[in-house]
Amino acid sequence: IKVAVHAEAKFHDRFLIVDQNAWLLGSSLNSLGTQPTMVIRIPDAKIVIDEIEALMAKAESFTDYSEALQ
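Residues numbered from 1 in each chain as written. Predicted model: local features only at pLDDT ≥ 70, side-chain atom pairs only at ≥ 80, totals over all residues. Heavy atoms only, no water.

**Brief notes about the pattern of salt bridges**
Here is step 1 of the chain: The final tally for this structure, using the stated rule, is one salt bridge.
Here is step 2 of the chain: Here Lys46 and Asp50 are joined by a salt bridge, their closest N and O atoms 2.7 Å apart. Note that Lys46 and Asp50 are positioned in helix H1 (residues 45–58) at a spacing of four residues, about one turn of the helix.
Here is step 3 of the chain: The class of Lys46 is exposed, set by a relative accessible area of 54%.
Here is step 4 of the chain: Using a relative accessible area of 36% as the deciding quantity, one classes Asp50 as partly exposed. (Salt bridge = Lys/Arg side-chain N within 4 Å of Asp/Glu carboxyl O. Helix = DSSP H or I, 4+ residues; strand = E, 2+ residues; numbered from the N terminus. Buried < 20%, exposed > 50% of the residue type's maximum accessible area, 1.4 Å probe, protein only.)

**Description of the pairing of strand E3 (residues 21–25)**
Here is step 1 of the chain: Note: strand E2 (residues 15–18) against E3, four bridges, orientation antiparallel. Its bridge partner lying in E3, Ile17 is registered against Ala22.
Here is step 2 of the chain: Connecting E2 to the antiparallel partner E3 that follows it, the hairpin turn spans two residues, and Asp19 within it adopts a positive phi of roughly 50°.
Here is step 3 of the chain: Bridge analysis of E3 against strand E4 (residues 39–42) gives four bridges, and the strand direction is antiparallel. Looking across to E4, one finds that Ala22 is bridged to Ile42. (Pairing = 2+ DSSP bridges.)

See below:
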């Protein structure tokens, strides 16, 4: 688990990356299953995956993030 706290962290929990495929979820993961939604496969997944990987490279580990809060 990573925490994106930098200024460029503009993504939300609406992307699912599996085996170099990217899927866009119509609703947040916390409300998945409680309301109608769509799951859409992104045709050119590499663009999305590269962007998310770049953002995640700047993110902190959850352990480091939580220890800094104490």
